Each structure stands twice: as C-alpha cells, then as structure tokens.
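Chain by chain, the residues run as shown.
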Amino acid sequence: MEVAMVKDLQQDASLEKRRYMELCRQGRVFNARNRIIGGDTQAWDVQVHDRKIKEATEKARHETFAADMKHNDKVICILHDRERRDRKQLCRAINDFQQSFQKPETRREFDLSDPLALKKDLPARVSDNDMRNTISGMQKFMGEDLNFHERKRFQQEQNREWSLQQHREWERARADHKLAEDFHTQTRLKFDETARDLQKLEGLTRKEVCAAVKEFNKNQVMELAERKRQEKQKEQEDNMTEITNLLHGDLLSENPQQAASSFGPHRVVPDRWKGMSKEQLEEIRFTQKQQIQEKLRLQEEECQHNMDWDRRKIQKARASLLHERQQQRLQRELRRALDCSNLSLAKEQHLRKKQMDEASTSQPTEDYFSQFNTRSR
C-alpha cells in the first residue's frame, strides 16, 4: 500500500482543478444557447476583481511609503536644525575666544597690518625736489607738480584763444556754404524751367497718340461688330439646316430599324433604341417566372437543411449534458476521497502541533527557574 504524500495530493488537486475548469470552459464555449461570442464575462469579472485588489494593495503600499518619507523628512529637518544650531554655537565660541585671547595687538606681525600705519608715516612727497621720490618710487608724474593751479590757468587762456579762432573759421565756412547754396538754387530753377517745357511737349505728344489710338480702337470695334453679325447669320443658317434634318430623319420618326447595329442582330445602338418588342417582353417575363420557381425550391431546401442542423445540435447538446453529469459524479467521488485523506492528515498535524507546543511550554519554564537560581547566587 502506497502512502500519499502532501506534494502528490496537491499536484492531484491542481490537476483536477485544471481539468474541472477546462470542462466548465468547454461547457460555456460549446453551449449554443448561452455562449457569448468573443469573450468570457466571468473571466473578465475575475480579472477586474483582481485588478481592484492589486490597485488597493498598491495604494496602501504607496501610502506606507509616503508616511515613511514624511517621517524621514521630519527627522532630517530636526537633525539639520540641530547641526546648524551646533555650528552657530561653535562659531560664536570661536569668535568670543579670538576677541578675548587673540587680539591683533598681541600678534608678532601686527606692524605689517597696522591700520594706522599710513597716518603715522610721513607723506609720500614734501616738495617737487624731495630726495625720496626716486624714479622707481613712481610718486611724481608729469602734470602732478605743486604749481598745478598756475599751469591750469595758463591752459584755460590757451583754450579760450583756440575757441575764438575756431569760431572765426566756422563763420567763414558758413559764408562759403551760403554762397554755394545760392548757386545751387539758381541751377535748380533753370533745371525746373527746362523740365516744365519738356513736360508740355510730352503732353502734346501724348494727346496726339491718344487720338490715334482712339481712331484705331473705333475701327477695331466696327470690324468686330461686322464679324459677329456674320457669325450670327451663319449660326442661324446652320440651326435651320439641323432642324430640317431632324424633322425628316429617323430619330423623331421613331423608326425601329435605325437601332440595328452592324455588329450583329443581338446588339443595338443605345442612342437610337426605342424599346423592346412584345416578343422580347414575353420572353423576359417567362424567364423571370422560372427564376422565381428556382428561388422557391432553393428556399425549401435551405429550410430542410436548417431543420436537420437544429436536430443535430439538440442531439449533441443532450449528449454533452449526459457527459457533463457523468463528469460531475466522478468529481464528487474524487472530492470525497480527497476530503477523507485531508481530514486524516489534518488530525495527524494537529497531534504533532500539540506535542510540539507541550514540549516548548515545558522548556521555557525550566530556563526561567535556572536563571532565577543563578541570580540569587
């Protein structure tokens, strides 16, 4: 007798579940009455339910992450404020120590960075002939001597003389410019008079040209009117000729022979055809009656074929229903056997768990008493 393992029972249960799902799917697909073409609504409902569960799980996970992020941000802000406060206190302590124990006057190199050193020292130049003002010292340049005010007054007098001379030159240049403008004005007046004479001559010439063009256009209009009159007269003569030909032709007289084609007796000329004869109409009606009878016969055959097909579908549905009932009976028997085996396994696991709980309960009590004895010692 072989012992059924838990793994084997799970595998058998998964196979039976898959087989049962496949039978259910076949029943839905091959059922001609309840079948839905193009999709499985139950599977879609299951997918929608799973998606909603997944979205709720994702939302809860995101909310947990958001709460953790807020907590971390708050901790970071607190630590940042504490670090800034500590740094500020450290800087304040350093400044207090420097002001108390590291004054500038106590430094060895204070004479190099004394802010009052320039006030205590002699000026850079006492006079223009000072012996300390060497070339490399760069303390005396051109224009920076001590008689600066006298030299500046002399330069102002010189600039005034230059300005007066420049003004006299400007007056002379303005007089020359005025003479040139007067000469230019006289020249422009002469040019304007010559242009006016040329404009008058051009106006006379334009009038003569317009008169000639007007005469030419008048002649052209007369020739065009004569040509139109001749064309209209010719068109009227052609129309009268065409009307006469139509009145005496076969088109308006409705001669049936004019529709005969040169390609054979079974063909006609479309623009001359006056309709079918009585024999042709009777032949067409006879053909239509035959077609109606043939259509009725085909409809009766199709109806008989549909009745046979419905009878076959009913028989097939009945056979599938019997097969499904048999499969359900087999499934119930298998389920009953599986429940019995699961019940025995559950009882065995419950006994094992009870034994393990009793063993674990006795062990911590012994450990506790041993720790108490060691502490009392």
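These figures come from a predicted structure and were not determined experimentally.

Caption draft 1: Quick peek at the overall build of the chain. Looking only at helices and strands, one finds six helices and two strands in the chain. Helices and strands in the chain line up, N terminus first, as α-α-α-α-α-β-β-α. Across the 377 residues in the chain, those meeting the buried criterion constitute 3%. For the chain, the exposed surface amounts to about 36,600 Å²; the carbon and sulfur share of it is 56%.

Caption draft 2: Quick peek at a positive patch on the surface. A surface patch of like charges, here positive, comprises Arg325, Arg329, Arg332 and Arg336. Counting through the fold element by element, Arg336 comes out in helix α6 (residues 278–376).

Caption draft 3: Up close: a nonpolar patch on the surface. Nonpolar side chains collect at one region of the surface, where Met240, Ile243 and Leu247 lie side by side and expose about 330 Å² of accessible area between them. Its location among the elements puts Ile243 in helix α4 (residues 148–247).

Caption draft 4: Up close: the packing of aromatic side chains. Counting across every chain of the model gives one aromatic pair. Measuring from centroid to centroid gives 5.2 Å for Phe97 and Phe101, while their planes differ by 35 degrees, and the two rings are tilted. Of the two residues, Phe97 and Phe101 both sit in helix α2 (residues 41–101), four residues apart, roughly one turn of that helix. Using a relative accessible area of 41% as the deciding quantity, one classes Phe97 as partly exposed. What makes Phe101 exposed here is its relative accessible area of 63%.

Caption draft 5: Molecular detail of the pattern of salt bridges. What the rule picks out here adds up to 16 salt bridges. Notably, a salt bridge pairs Arg84 with Asp81, separated by 3.3 Å at the nearest N-O pair. Highlighted residues: Arg84 and Asp81, both in helix α2, separated by three residues, approximately one helical turn. Here Glu161 makes a salt bridge to Arg160, at a shortest N to O gap of 3.9 Å. For Glu161, a relative accessible area of 43% corresponds to the partly exposed category. Within the structure, one salt-bridge network assembled from shared partners comprises Glu157, Arg160 and Glu161.

Caption draft 6: Expanded view of a negative patch on the surface. Together, Glu231, Glu235, Glu237, Asp238 and Glu242 make up a region of like negative charge exposed at the surface. When its relative accessible area of 45% is taken as the criterion, Asp238 is described as partly exposed.

Caption draft 7: Quick peek at the side chain of Gln331. Here Gln331 shows up in helix α6. Polar side-chain contacts of Gln331 include one of 3.3 Å to the side chain of Glu16. Not counting residues up to four positions away in its chain, the partners in contact with Gln331 are Glu16 and Tyr20.

Caption draft 8: A look at the confidence of the model for the chain. Of the residues in the chain, 86% have a pLDDT of 70 or more, and the chain-wide mean is 82. Taking the mean pLDDT of every element in the chain, the minimum, 62, falls on helix α5 (residues 250–253) and the maximum, 90, on α2.

Caption draft 9: Region of interest: the environment of Ser341. The residue Ser341 is located in helix α6 in this model. Measuring from C-alpha to C-alpha, the distance between Ser341 and Leu9 comes to 8.8 Å, with 332 residues separating the pair along the chain. Among the polar contacts made by the side chain of Ser341, one reaches the main-chain carbonyl oxygen of Leu338 at a distance of 2.7 Å.

What counts and what doesn't
- Residues numbered from 1 in each chain as written.
- Predicted model: local features only at pLDDT ≥ 70, side-chain atom pairs only at ≥ 80, totals over all residues.
- Heavy atoms only, no water.
- Helix = DSSP H or I, 4+ residues; strand = E, 2+ residues; numbered from the N terminus.
- Buried < 20%, exposed > 50% of the residue type's maximum accessible area, 1.4 Å probe, protein only.
- Areas by Shrake-Rupley, 256 points an atom, 1.4 Å probe, with all protein chains shown as cover.
- Patch = residues over 30% accessible without salt bridge, like charges linked within 9 Å, V, L, I, M, F, W, Y side chains within 5 Å.
- Salt bridge = Lys/Arg side-chain N within 4 Å of Asp/Glu carboxyl O.
- Lys, Arg positive; Asp, Glu negative; His and termini not counted.
- Charge placed at Lys NZ, Arg CZ, Asp CG, Glu CD.
- Phe/Tyr/Trp six-rings, centres within 6.5 Å; stacked < 30°, edge-to-face > 60°.
- Polar contact = N/O pair within 3.5 Å; in protein donor to acceptor, adjacent residues only side chain to side chain.
- Contact = heavy atoms within 4.5 Å.
- pLDDT = per-residue confidence, 0-100.

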